[in-house]
Amino acid sequence: MELYPKLIMDALATVRYPGTGKNIVEAGMVEDDLRISGLHVSFSLIFDKPTNPFLKSIVKASEAAIHAYVGKEVEVEVKVKTLQAPRPEAGKLLPGVKNIIAVSSGKGGVGKSTVAANLAVALAKLGYKVGLLDADIFGPSMPKMFHVEDARPYSESIDGRDLIVPVESYGVKMLSIGFFVDPDQATLWRGAMACNALKQLIGDSAWGELDYFILDTPPGTSDIHLTLVQTLPITGAVVVSTPQKVALADARKGINMYQNEKVDVPILGLVENLAWFTPAELPQNRYYLFGKEGVKHLAEEMRVPLLGQIPIVQSICENGDNGTPAALDENSMTARAFMDLARRVAEETDRRNAEREPTHIVEVKK
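Residues numbered from 1 in each chain as written. Predicted model: local features only at pLDDT ≥ 70, side-chain atom pairs only at ≥ 80, totals over all residues. Heavy atoms only, no water.

J.: Could you give me a rundown of helix α7 (residues 245–259), with the residues and numbers involved?
T.: With 15 residues, α7 should reach 21 Å at 1.5 Å per residue; the first-to-last C-alpha distance of 21 Å fits that figure. Its buried side turned inward, α7 meets β4 (97–105), α6 (223–231), β11 (236–241), β12 (267–277) and α8 (294–302). (Helix = DSSP H or I, 4+ residues; strand = E, 2+ residues; numbered from the N terminus. Expected span 1.5 Å × (residues − 1). Contact = heavy atoms within 4.5 Å.)

Here is the structure:
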């Protein structure tokens, strides 16, 4: 059997790209690098991006077409080229980011997202370059907290890749799945879909140079947490809890998740949120509605730092609803608490980096 280019191209012309009606030759998807050596044929197919949903099926259809119209004995080698550069592998996704901090909680309703938002703003006020990822795929709240619900992130071609440009607010670069879904509709996604969306927000976005990349994680322990530790080398975790005993029990589980030998993410410290109630008209008074210093005692027991105690003040809730994080008000008690928290997080991060090797991502065993 003698092979020649037209025979191969005629066979490939029988393969149609779904949805366009054009065959792959007509569509210009066959690169001009066809090589024939005896019964061995090699060529390249060009796709718009490495995540093209039809990539694998088109490659298999091309091989099948040559076997069907030229001969089953032909050895076919198909190379894939993409117009867009591939996403870097896990663990190397954010080369410009110095520190990745996961803000976590064992249960919902303890103010984790409020702490994450205000920590990001406070770090930015201290002069750091800060990014914030709303990793709570099923309950995104950052667009509202930063008063950017109507923002629509756009993509930009950077170094051969189409990257999402984060929204900037109060000196913080921020992305959330809330920008891409209907806020009035529940996000009914299986775990794999949510994890893939999270990976895209991390790896297909233009985060640039950052001193701190804050992750607002979902409450509890879930697929999302596993995806994060398998995708990013997290510098350390900040665990948020109220002093209440039921919250403390769940906080222990969150701490244990990060301290698991397979995960091995350092705990930078704990934050006691809703530590006490102080009415505006009696600023010197403290009322311990959820128990007194429960998180402080847990920190001592677990031998991790207590990074801060955040009081209950009416303005925290109002500021969150209005999209103006409490850390912005320099004269308030709450702002001072969050600024102190940011300084402590920076100190513990520096200490952790001086004393420990960089965190490694959790390897996926297949």
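J.: I'd like a description of the pairing of strand β5 (residues 130–134), backed by residues and values.
T.: The buried fraction of β5 amounts to five of the five residues, a majority that puts the element mostly inside the structure. Of the two faces of β5, the one holding V130, L132 and D134 and the one holding G131 and L133 are both buried throughout. Sheet topology note: the β5/strand β9 (residues 172–176) ladder contains five bridges and is parallel. Within the sheet, the bridge partner assigned to D134 lies in β9 and is S176. Pairing of β5 with strand β10 (residues 210–216), which is carried by five bridges, proceeds in the parallel orientation. The residue of β10 that forms the bridge with G131 is F213. (Buried < 20%, exposed > 50% of the residue type's maximum accessible area, 1.4 Å probe, protein only. Pairing = 2+ DSSP bridges.)

J.: Outline the packing of helix α3 (residues 112–125) against helix α10 (residues 333–355), listing residues and values.
T.: A packed helix pair is summarised by two numbers, namely the angle formed by the two axes and the spacing between the axes. Remark: α3 packs on α10, axes separated minimally by 8 Å, with the N-to-C direction vectors making an angle of 75 degrees. As judged from the angle between their axes, α3 and α10 are roughly perpendicular. Between α3 and α10, the contacting residues are T114, V115, N118, L119, A122, L123 and K125 on the first element and F338, M339, L341, A342 and V345 on the second. Residue composition of the contact of α3 with α10, by class: nine nonpolar, two polar and one charged. (Axes fitted to C-alpha atoms, helices over the stretch in contact; angles between N-to-C directions. Parallel < 35°, antiparallel > 145°, perpendicular 65-115°, else oblique. Nonpolar A, V, L, I, M, F, W, Y, C, P; charged D, E, K, R; others polar.)

J.: Tell me what's going on with the sheet that holds strand β2 (residues 40–47), and back it up with residues and numbers.
T.: Ordered by their spatial adjacency, three strands build an open sheet running β1-β2-β3, and the pairing between neighbours is mixed. Two strands lie at the open edges of the sheet, namely β1 (35–37) and β3 (75–82), each paired on one side alone. The average undirected angle you get between the axes of adjacent strands in this sheet is 20 degrees. One ladder, built from eight bridges, connects β2 with β3; its direction is parallel. Along β3, the bridge assignment pairs S42 with E77.

J.: Quick one: what's the story with the environment of V30, residue by residue and with numbers?
T.: Mapped onto the elements, V30 comes out in the loop between α1 (5–12) and β1. In this structure, the C-alpha to C-alpha distance between V30 and G236, residues 206 residues apart in sequence, is 47 Å.

J.: Mind laying out the pattern of salt bridges, listing which residues take part and the relevant values?
T.: Following the criterion strictly, the structure yields 14 salt bridges and no others. Measuring nitrogen to oxygen at the nearest pair gives 3.2 Å for the salt bridge that ties D264 to R356. Placement of D264 in the loop between α7 and β12 and of R356 in the segment after α10 is noted, with a sequence separation of 92 residues between them. Taking relative accessible area as the criterion, D264 reaches 39% and is therefore assigned partly exposed. Residue E293 pairs with K296 through a salt bridge whose shortest N-O separation is 4.0 Å. Given a relative accessible area of 23%, E293 falls into the partly exposed group. A relative accessible area of 29% means that K296 is categorised as partly exposed. In this structure, a network of salt bridges that share partners links the residues R344, E347, E348 and R351. (Salt bridge = Lys/Arg side-chain N within 4 Å of Asp/Glu carboxyl O.)

J.: How would you summarise α8 if you had to cite specific residues and measurements?
T.: All of the buried residues in α8 are G294, V295, L298 and A299. Buried residues along α8 cover an arc of 135 degrees about the axis, so they all sit on one side. On its buried face, α8 sits against β11, α7, β12 and β13 (306–312). Positive phi appears at R303, one or two residues downstream of α8, with a value of about 60 degrees. (Arc of directions from axis to C-beta.)

J.: Now, about unusual backbone geometry: what can you tell me, with residues and values included?
T.: Even without a glycine there, the phi angle at H147 is positive, about 55 degrees. Of note, H147 is situated in the loop between α4 (142–145) and β6 (155–158). The phi dihedral of D264 is positive, around 55 degrees, even though this residue is not glycine.

J.: Go over the packing of α7 against α8, please, and point to the residues and values.
T.: Relative orientation of the contacting elements α7 and α8 amounts to 35 degrees, with a least axis distance of 11 Å. For the pair α7 and α8, the sense of crossing is right-handed. On α8, the residues touching L248, A251, R252, I255, N256 and Q259 of α7 are G294, V295, L298, E301 and M302. When grouped by side-chain class, the residues that make up the contact of α7 with α8 number six nonpolar, three polar and two charged. (Left-handed = near helix turned anticlockwise from the far one by under 90°.)

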